[in-house]
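Next come the chains, spelled out residue by residue.
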Amino acid sequence: MRIATWNVNSVNARLELLLRWLEESQPDVVCLQELKCVDEKFPSEPVEALGYNILVHGQKSYNGVALLSKYPMEEVRRGLPDGDEDTHSRYLEAIVEAPSPIRIASIYLPNGNPIGTEKFNYKLAWMERLRAHAAGLLALEEAVVLAGDFNVIPTPLDCDKPSNWVDDALFQPESRAAHRAIVNLGYTDAHLAVGAEPHAYTYWDYFRDAFENDRGIRIDHLLLSPQAADRLEASEVQRHVRGWERPSDHTPVMATLAD
DNA sequence: ATGGTAGACCTTCTA
């Protein structure tokens, strides 16, 4: 089973690329982030025509996450717990009814810039809510995949030049510690588990020829519960998609789990 | 050291 995550930076601006990528890569399950549209504006018809079931948790202009699956899906959660005052659409969780079922979440973690503001506080608070929920998921002893744009550079090996990122919310010690606190509950970073190269980036700025010069960061992650990690066979950053015309600033990451 | 690009959308916010 092939499971991918991709921050598309507007699903409607990226529709042509999304369809091309789905046909080319044939993922079974897809986590999308930054839809930048409400549910009704999601381009369901052309995606369904490729054989996907769709769950959308959209929002006007900003954020928005979706799940696509060639298997039937049952939505189990829209938004993290304790989110009465949280208006952002950043979390969507479902059970994928594959022969060996998988619980999967599409995650768009807050960016948090600039540091020292309410946005950074929101990021850290959101990460603590995610940590608490992720701990509960492990207690279920199921195959769980938390996939998405985590907006965290876990280590200096995950960026081109650490000094460029020291003032950025994505590389703050607090952000990295909060990320470690989630992973250390017992999740496996699929990229690290397959022994992939360091400096395998998933995001490059649109400006200053960042992609051409490979000045990027690895912030899109798939975190696997032990029951999912046992089935992990491969993990790949699909770098070539960032080189297509009118790309997202993120590129897809695809993990393969035994069926 | 700074400002560059992209997307949504009404002129500025977010990333």
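Worth saying up front: this structure is predicted, and the values here are computed from it rather than measured.

Student: Before we go on, may I ask you to explain the sheet that holds strand β5 (residues 73-78) in this structure?
Tutor: Remark on secondary structure: sheet strands pair via backbone hydrogen bonds, oriented parallel or antiparallel. Within the open sheet, the six strands sit side by side as β5-β6-β7-β8-β12-β9. Their pairing is mixed. One side of each edge strand has no neighbouring strand; the edge strands of this open sheet are β5 and β9 (188-189). Relative to strand β6 (residues 91-96), helix α3 (residues 118-139) is tilted by about 15°, and along the sheet it contacts β5, β6, β7 (102-108) and β8 (144-149).

Student: So what exactly am I meant to see when it comes to the protein's contact with DNA strand B here?
Tutor: DNA strand B sits among 16 residues. The nearest are Ser10, Arg14, Ser61, Lys119 and Arg208. Among the atoms of DNA strand B close to the protein, meaning within 4 Å, 72% are from sugar or phosphate groups. Within the side chain of Ser10, an N or O atom sits 2.3 Å from a phosphate oxygen of DNA strand B. The separation between a phosphate oxygen of DNA strand B and a polar side-chain atom of Arg246 is 3.4 Å. Its residues assigned to classes, the surface near DNA strand B shows five nonpolar, four polar and seven charged.

Student: Teacher, can you tell me more about the layout of surface pockets here?
Tutor: Left-over empty space is what a probe sized like a water molecule reveals as it rolls over the atoms. Volume-wise, the largest pocket comes out at about 650 Å³. Lining the largest pocket are 31 residues, and of these Asn111, Asn113, Asn151, Leu170 and Tyr203 sit closest to its centre. Among the secondary structure elements, those contributing two or more residues to the lining of the largest pocket are α3, β10 (203-204) and β11 (216-217). Residue classes in the lining of the largest pocket are distributed as eleven nonpolar, ten polar and ten charged. Put simply, the second largest pocket is a space of about 220 Å³. Surrounding the second largest pocket, 18 residues form its lining, Pro154, Thr155, Asp158, Leu192 and Arg218 being those nearest its centre. Residue assignment for the lining of the second largest pocket shows that the elements contributing at least two residues are α4 (173-183) and α5 (190-193).

Student: Would you mind showing me how to read the side chain of Asp220 here?
Tutor: Its place among the elements puts Asp220 in strand β12 (residues 220-224). Here Asp220 sits buried without a salt bridge, and the closest side chain of opposite charge, Arg218, lies 9.0 Å off (N-O distance). A distance of 2.9 Å separates polar atoms of two side chains, one belonging to Asp220 and the other to His250. Beyond its immediate sequence surroundings of up to four residues, Asp220 is in contact with Asn7, Gly148, Asp149, Thr202, Tyr203, His250 and Val253.

Student: How do you make sense of unusual backbone geometry when you look at a structure like this?
Tutor: The peptide bond linking Asn113 to Pro114 adopts the cis configuration, its omega dihedral lying at -5°. Despite not being glycine, Glu34 has its phi angle at roughly 55°, a positive value. You can see Glu34 is positioned in the loop between β2 (29-33) and α2 (44-48). A relative accessible area of 14% places Glu34 in the buried class. Phi at Arg246 is positive, roughly 55°, even though this residue is not glycine. Within the secondary structure, Arg246 is located in the loop between β13 (232-237) and β14 (253-257).

Conventions adopted
- Residues numbered from 1 in each chain as written.
- Chains lettered and ligands numbered in written order.
- Predicted model: local features only at pLDDT ≥ 70, side-chain atom pairs only at ≥ 80, totals over all residues.
- Heavy atoms only, no water.
- Pairing = 2+ DSSP bridges.
- Helix = DSSP H or I, 4+ residues; strand = E, 2+ residues; numbered from the N terminus.
- Contact = heavy atoms within 4.5 Å.
- Axes fitted to C-alpha atoms, helices over the stretch in contact; angles between N-to-C directions.
- Near = heavy atom within 4 Å.
- Polar contact = N/O pair within 3.5 Å; in protein donor to acceptor, adjacent residues only side chain to side chain.
- Nonpolar A, V, L, I, M, F, W, Y, C, P; charged D, E, K, R; others polar.
- 1 Å grid on protein atoms, 1.4 Å probe; cavity = no way out; pocket = protein on both sides within 12 Å on 5 of 7 lines; lining within 4 Å.
- Points joined across faces, edges and corners; volume = space filled by probe spheres on them.
- Buried < 20%, exposed > 50% of the residue type's maximum accessible area, 1.4 Å probe, protein only.
- Lys, Arg positive; Asp, Glu negative; His and termini not counted.
- Salt bridge = Lys/Arg side-chain N within 4 Å of Asp/Glu carboxyl O.

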